[in-house]
Amino acid sequence: MPRRRRDDGPYFRTLRETERRMLTAAISRAGGSTSAAARALGISRSYLWKRCRSLDVALQNATLRGPATP
């Protein structure tokens, strides 16, 4: 019997999409600050970047230290 791939099935796709939306929302609420977004999610900034990369979440407008102040 062939083994199913991890990304097969509706539950995995739903979980993946939910995680993608959560990361996108956290970065948006943090004004593009990956440090603030990671802190709000209770994860490290490096893990946030890894998850964003694996879920194809765009980080081109993200900042490392937070939004610029005028």
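These numbers come from a predicted model, not from an experiment.

Peer 1: Can you help me understand the overall build of the protein chain in this one?
Peer 2: Each helix and strand in the protein chain was counted, giving three helices and zero strands. Element order for the protein chain, N to C, with α for helix and β for strand: α-α-α. The proportion of buried residues among the 70 residues of the protein chain is 27%. Pairs at least 24 residues apart make up 56% of the contacts formed inside the protein chain by residues separated by at least 6 positions. Total accessible area computed for the protein chain in this model is approximately 5,700 Å², and 53% of it derives from carbon and sulfur atoms.

Peer 1: Is there a simple way to explain the side chain of T34 in this structure?
Peer 2: The residue T34 is located in helix α2 (residues 34-41) in this model. According to the relative accessible area criterion, T34 is buried, its value standing at 0%. Among the polar contacts made by the side chain of T34, one reaches the side chain of W49 at a distance of 3.3 Å.

Peer 1: Looking at this model, I keep getting lost on the nonpolar core. Mind explaining?
Peer 2: Nonpolar side chains in soluble globular proteins tend to end up buried together. Counting residues in hydrophobic clusters, the biggest one holds 11 residues: L23, A26, I27, A30, A37, A38, L48, C52, L55, V57 and L59. Looking at this core, the elements that each hand over two or more residues are α1 (10-29), α2 and α3 (45-54). Per-element tally for this core: the top contributor is α1, with three residues.

Peer 1: What is the right way to look at the pattern of salt bridges in this model?
Peer 2: A side chain of one charge can pair with a side chain of the opposite charge if their charged atoms are brought near each other. What the rule picks out here adds up to two salt bridges. Residues R21 and E17 are paired through a salt bridge, measuring 3.4 Å at the closest nitrogen-oxygen approach. A residue pair is termed a helical-turn pair when its members lie 3 or 4 positions apart in one helix, as R21 and E17 do in helix α1 at four residues. R51 is the salt-bridge partner of E19, the closest N and O atoms lying 2.8 Å from each other. Of this pair, E19 sits in helix α1 while R51 sits in helix α3, placing them 32 residues apart in sequence.

Rules of the game
Residues numbered from 1 in each chain as written. Predicted model: local features only at pLDDT ≥ 70, side-chain atom pairs only at ≥ 80, totals over all residues. Heavy atoms only, no water. Helix = DSSP H or I, 4+ residues; strand = E, 2+ residues; numbered from the N terminus. Buried < 20%, exposed > 50% of the residue type's maximum accessible area, 1.4 Å probe, protein only. Contact = heavy atoms within 4.5 Å. Areas by Shrake-Rupley, 256 points an atom, 1.4 Å probe, with all protein chains shown as cover. Polar contact = N/O pair within 3.5 Å; in protein donor to acceptor, adjacent residues only side chain to side chain. Core = buried A, V, L, I, M, F, W, Y, C linked by side-chain atoms within 4.5 Å. Salt bridge = Lys/Arg side-chain N within 4 Å of Asp/Glu carboxyl O.

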